[in-house]
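Next come the chains, spelled out residue by residue.
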Amino acid sequence: MTKLTNRALRQEMVDICRRMNASGINQGTSGNLSARIDGGFLITPTSLPYDRMEAEDIVEMSYDGTYAGKHRPSSEWRFHRDIMKHREDINAILHCHSIYATTLACQYKPIPAFHYMVGVAGGTTIRVAPYATFGTQQLSDNAIEALEGRLACLLGQHGQISLGKTLEASLWLATEVETLARLYVQALPLGDLPILSDEEMARVIEQMRKMSYGQAPDAEGINDVARPRAG
Ligand code: 13P
């Protein structure tokens with residue numbers, strides 16, 4: 001991610017925020033986005049509508065909680081900072097209030113392995129973090145715990161967080177989490193819902209890891225059934 005200039009990265013953040021709302025996985029000024037840079041991270045400003053947000057509105061933050069920019073950072077800078085510090089495997093954090101994921105989060109219902117795609121979040125469930133007031137250290141602590149070994153979690157009575165190596169990957173995952181939540185909400189009332197075994201999910205997750213599943217076709221990874229033609 002540091003391959004992009006700071007300016008290009010800011011512009012990509014604005015574009016991702018606008019796509020997040022245009023796709024319907026977020027509404028209004030809810031949600032926020034951050035991207036790792038050397039020595040800290042870039043984060044969206046608080047309460048600024050995405051259609052009015054420009055690259056220069058993005059705020060630069062250090063891990064000590066100080067910031068530079070013409071706006072205050074997102075009220076959720078604590079969980080963005082703590083996840084960036086805690087999770088060296090990712091470079092982008094997207095938080096949104098997508099409707100179906102938030103519906104489940106309001107009922108404290110984790111998403112079990114009812115569908116193999118739950119594996120894209122890194123485990124056999126997508127957990128729900130206990131509720132804490134937005135912007136607090138407690139919410140950050142709860143999110144860190146729910147994200148242990150995972151790339152996404154729900155936030156009780158609040159929304160969802162999705163992580164990625166890139167901004168694009170974080171938006172992709174947030175969209176997948178929302179799709180899974182929607183399927184789960186629809187499938188639940190139809191009767192007993194079969195859950196894939198831990199053994200099958202371990203196989204799914206390993207297959208996804210090997211294939212860089214769901215990531216751009218030029219990303220590193222193999223497909224163990226198809227091979228490029230020689231010559
Ligand atoms: P900010 O506008 O401060 O980023 O807050 C939006 C939000 O979703 C809080 O959880």
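Predicted model only: the values in this text are computed from it and were never measured. (Residues numbered from 1 in each chain as written. Predicted model: local features only at pLDDT ≥ 70, side-chain atom pairs only at ≥ 80, totals over all residues. Heavy atoms only, no water.)

> I'd like to hear about the packing of helix α2 (residues 77-86) against helix α4 (residues 137-146), residue by residue, with values.
Interhelical geometry of α2 versus α4 gives an angle of 35 degrees and a closest axis separation of 8 Å. Like other packed secondary-structure pairs, α2 and α4 cross with a definite hand, here right-handed. Two secondary-structure elements touch here, α2 through Arg78, Phe79, Arg81, Asp82, Ile83 and His86 and α4 through Gln137, Leu139, Ser140 and Ile144. When the residues that make up the contact of α2 with α4 are grouped by side-chain class, the tally is 4 nonpolar, 3 polar and 3 charged. (Axes fitted to C-alpha atoms, helices over the stretch in contact; angles between N-to-C directions. Helix = DSSP H or I, 4+ residues; strand = E, 2+ residues; numbered from the N terminus. Left-handed = near helix turned anticlockwise from the far one by under 90°. Contact = heavy atoms within 4.5 Å. Nonpolar A, V, L, I, M, F, W, Y, C, P; charged D, E, K, R; others polar.)

> Go over the pairing of strand β1 (residues 32-37), please, and point to the residues and values.
Among the 6 residues in β1, 6 count as buried, and that is most of the element. With burial as the criterion, each face of β1 is covered, one bearing Asn32, Ser34 and Arg36 and the other bearing Leu33, Ala35 and Ile37. As defined by bridge partners, β1 adjoins strand β5 (residues 92-96) across 4 bridges and the pair is classed as antiparallel. Bridge pairing in β5 places Ser34 opposite Ile93. (Buried < 20%, exposed > 50% of the residue type's maximum accessible area, 1.4 Å probe, protein only. Pairing = 2+ DSSP bridges.)

> So, the pattern of salt bridges: which residues are in play, and what are the values?
What the rule picks out here adds up to 9 salt bridges. Put simply, Glu56 and Arg7 hold a salt bridge, and the shortest N to O gap is 3.6 Å. Taken as a pair, Glu56 in the loop between β2 (40-43) and β3 (59-62) and Arg7 in helix α1 (residues 6-22) lie far apart in primary sequence, 49 residues in all. (Salt bridge = Lys/Arg side-chain N within 4 Å of Asp/Glu carboxyl O.)

> Can you lay out the packing of aromatic side chains for me, pointing to particular residues and giving the numbers?
Within the structure shown, the criterion is met by 3 aromatic pairs. Taking the centre distance of 5.1 Å and the plane angle of 35 degrees together, the rings of Phe114 and Tyr184 count as tilted. With a gap of 70 residues between them, Phe114 in the loop between α3 (99-106) and β6 (128-129) and Tyr184 in helix α5 (residues 167-187) connect regions that are remote in the sequence. For the residue pair Phe114 and Tyr184, the accessibility class agrees, reading buried in each case. (Phe/Tyr/Trp six-rings, centres within 6.5 Å; stacked < 30°, edge-to-face > 60°.)

> Please provide a residue-by-residue account of the site of the ligand, values included.
In the vicinity of the ligand, the residues found are Thr29, Ser30, Gly31, Asn32, Thr46, Ser47, Ser74, Ser75, Glu76, His95, His97 and His158. Interatomic distance of 2.9 Å between a backbone N/O atom of Gly31 and an oxygen atom of the ligand. A distance of 2.6 Å is found between an oxygen atom of the ligand and a side-chain nitrogen or oxygen belonging to Glu76. Burial of the ligand by the protein chains amounts to 91% of its free accessible area of 300 Å². Under a 2 Å grid-point criterion requiring more than half of the atoms, the pocket assigned to the ligand is the second largest pocket. Residue composition of the shell around the ligand, by class: no nonpolar, 11 polar and 1 charged. (Near = heavy atom within 4 Å. Polar contact = N/O pair within 3.5 Å; in protein donor to acceptor, adjacent residues only side chain to side chain. Areas by Shrake-Rupley, 256 points an atom, 1.4 Å probe, with all protein chains shown as cover. 1 Å grid on protein atoms, 1.4 Å probe; cavity = no way out; pocket = protein on both sides within 12 Å on 5 of 7 lines; lining within 4 Å. Sits in = over half its atoms within 2 Å of the grid points.)

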